[in-house]
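# Tertiary structure, described
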Amino acid sequence: MIDPNHIRAKLSLPRAGVRRRSVSFSTMPSYQFVNYLWDDAKAASLDPVARLVYRSNLLGSDQRITNTGGGNTSSKISEKDPLTGQPVEVLWVKGSGGDLRTSTRENFSSLYQQKLLDLQKLYAARADKGLKSAAEDDMVGMYTHATFNLNPRASSIDTPLHSFLPGKHVDHMHPNAIIAIAASKHCEKLTQEIFGGAMAYVPWMRPGFELGLAMQKIARENPKIRAIMMGQHGFIS
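Residue positions are given per chain, counted from 1 along the sequence in the order it is written. Local features are withheld for residues below a pLDDT of 70 in this predicted model, meaning they are given only at 70 or higher, and side-chain atom pairs are given and counted only at 80 or more; totals for whole chains, interfaces and linings count all residues. Calculated side-chain values reflect all of the structure's heavy atoms, with hydrogen atoms and water omitted.

## Some details on unusual backbone geometry
In this structure, Asn 149 is a non-glycine residue whose phi angle is positive, near 60°. One non-glycine residue, Leu 150, lies in the positive phi region at around 60°. The helix and strand labels rest on DSSP assignments: H or I over at least four residues marks a helix, E over at least two residues marks a strand, and numbering proceeds from the N terminus. Mapped onto the elements of the fold, Leu 150 is located in the loop between α5 (134-142) and α6 (159-164).

This is the structure in structure tokens:
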């Protein structure tokens, strides 16, 4: 029997270690099941990509939050386009392989965010689009064409999830407490009971373009949600 109060307590941690306002360390509440490790001073000394790496290392260091080799993180960052010299939005997302706990900048792929969004038009024009379709498989190979600044790191299959959600900082994790809900028969009901309107629900779908589109639709229809429960999988916030 799942105790909603226990689950809620286990998951009462700041989203991805990133706070929307500055709060001194002394004012942060204590947590019973996780450790709050974010250091404002250290984060302030880092450039945006280094802050993403820092955040990722913290999340990966606690196996209650994600398992070894699992999960991925991203940030949408303004960069100077080497071709035009103009500012452009770039999605930095943990690439294929590697572990969040030990990841460095070299473990993250960088892609033009707008080019990733433009792939939706290409996909929509395919008559054979759909779950596990040839069209969906073909989209994976297209991510390379959106590479920013010749970054050689291969992109994750989860790239659309990070690109199509509106958040500037997105994290996909597999906490033990979340898996207890995601793997249950009544996942959708429990998600609503425990998290109310803060977390939406999407049924199991193979990671890829279709799942990214489904999450984009959920976020647009429910702009106040902070996370999405991924049935039989994990969650993203």
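## Notes on the nonpolar core
Throughout, nonpolar core names a set of buried Ala, Val, Leu, Ile, Met, Phe, Trp, Tyr and Cys residues whose side chains join them through atoms within 4.5 Å. The rule is simple: take the accessible area with a 1.4 Å probe, protein chains only, and divide by the maximum for that residue type; under 20% is buried, over 50% is exposed, in between is partly exposed. Counting 15 residues, the largest nonpolar core has Met 173, Ile 178, Ile 181, Phe 195, Met 199, Met 229 and Phe 235 as its most contacted members. Listed by contribution, the elements that provide at least two residues to this core are α7 (176-182), α8 (187-195) and β6 (227-230). Of all the elements, α8 adds the most residues to this core, at four residues. Beyond its immediate stretch of four places on either side in the chain, Met 173 contacts Leu 59, Ile 65, Thr 66, Asn 72, Thr 73, Leu 100, Gly 234 and Phe 235. Core analysis: the next-biggest nonpolar cluster, separate from the first, contains 14 residues, Ala 200, Ile 218, Ile 228 and Ile 236 among them. In this analysis, two residues are considered to be in contact whenever any of their non-hydrogen atoms come within 4.5 Å of each other.

## Description of the confidence of the model for the protein
Averaged over all residues, the pLDDT of the protein equals 89, while 88% of them reach at least 70. Predictor confidence is given residue by residue as pLDDT, running from a minimum of 0 to a maximum of 100. Segment residues 12-26: pLDDT under 50, and 26 contacts once partners within four positions in sequence are set aside and those in other chains are kept.

## Thoughts on the sheet that holds strand β1 (residues 72-80)
Whether parallel or antiparallel, the strands of a sheet pair through hydrogen bonds between backbone atoms. Pairing between strands is defined by DSSP: at least two bridges between them are needed. Reading across the sheet, the seven strands line up as β3-β2-β1-β4-β7-β6-β5 and stay open at both edges, with mixed pairing between neighbours. A single partner strand is all that each edge strand has here, and the edge strands are β3 (108-112) and β5 (199-202). Strand-to-strand twist across the sheet, computed as the mean angle between neighbouring axes with direction ignored, equals 20°. Here β6 pairs with strand β7 (residues 234-236) via three bridges, running antiparallel. Residue pairing in the sheet places Met 229 in a bridge with Phe 235 of β7. Think of each axis as a best-fit line through the C-alpha atoms, taken over the contacting stretch in the case of a helix, with angles from 0 to 180 degrees between the N-to-C directions. Packed onto the sheet, helix α3 (residues 48-60) meets β1, β2 (87-94), β3 and β4 (169-173) and runs at close to 175° relative to β1. Across the sheet, helix α9 (residues 209-221) touches β5, β6 and β7, and the angle it forms with β5 is around 145°.

## Some details on the packing of aromatic side chains
By convention, a stacked pair of Phe, Tyr or Trp rings (six-membered ring in the case of Trp) has centres within 6.5 Å and planes under 30 degrees apart, an edge-to-face pair has planes over 60 apart, and any other such pair is tilted. Evaluation of the coordinates by the stated rule reveals four aromatic pairs. Ring geometry for Trp 38 and Tyr 54: centres 5.0 Å apart, planes at 45°, overall tilted. Taken together, the positions of Trp 38 in the loop between α1 (4-10) and α2 (40-44) and Tyr 54 in helix α3 put the pair 16 residues apart, joining distant regions of the chain. Of the two residues, Trp 38 and Tyr 54, neither departs from the other in class, the shared state being buried. For the pair Phe 164 and Phe 209, a centre-to-centre distance of 5.1 Å together with 85° between the ring planes defines the contact as edge-to-face. Remark: Phe 209 occurs in helix α9 and Phe 164 occurs in helix α6; sequence separation between them is 45 residues. For the pair Phe 164 and Phe 209, a shared accessibility class is recorded, and that class is buried. Taken together through their ring pairs, the aromatic side chains of Tyr 123, Phe 164 and Phe 209 make up a single cluster. The ring of Tyr 112 has Lys 115 lying over it, and the distance from NZ or CZ to the ring centre is 4.5 Å. Placement of a positive charge over a ring is assigned whenever Lys NZ or Arg CZ falls within 6 Å of the ring centre and within 35 degrees of the normal to the ring plane.

## A look at the side chain of Gln 120
Topologically, Gln 120 is positioned in helix α4 (residues 113-124). Not counting the four nearest positions on each side in its chain, Gln 120 is found in contact with Phe 164, Phe 209, Leu 213 and Gln 216.

## Examining the pattern of salt bridges
Salt bridge, as applied in this entry: a Lys or Arg side-chain nitrogen positioned within 4 Å of an Asp or Glu carboxyl oxygen. All chains considered together, the criterion is met by ten salt bridges. For the salt bridge of Lys 168 with Glu 89, the shortest nitrogen-to-oxygen distance reads 2.5 Å. Taken together, the positions of Lys 168 in the loop between α6 and β4 and Glu 89 in strand β2 put the pair 79 residues apart, joining distant regions of the chain. With a relative accessible area of 45%, Lys 168 lands in the partly exposed category. Taking the shortest distance from any N to any O, the salt bridge between Arg 126 and Asp 138 comes out at 2.9 Å. Linking Arg 126 in the loop between α4 and α5 with Asp 138 in helix α5, this pair joins segments that are twelve residues apart in sequence. We classify Arg 126 as partly exposed; its relative accessible area is 26%. Among the charged side chains, a network of salt bridges with common partners joins Arg 126, Asp 128 and Asp 138.

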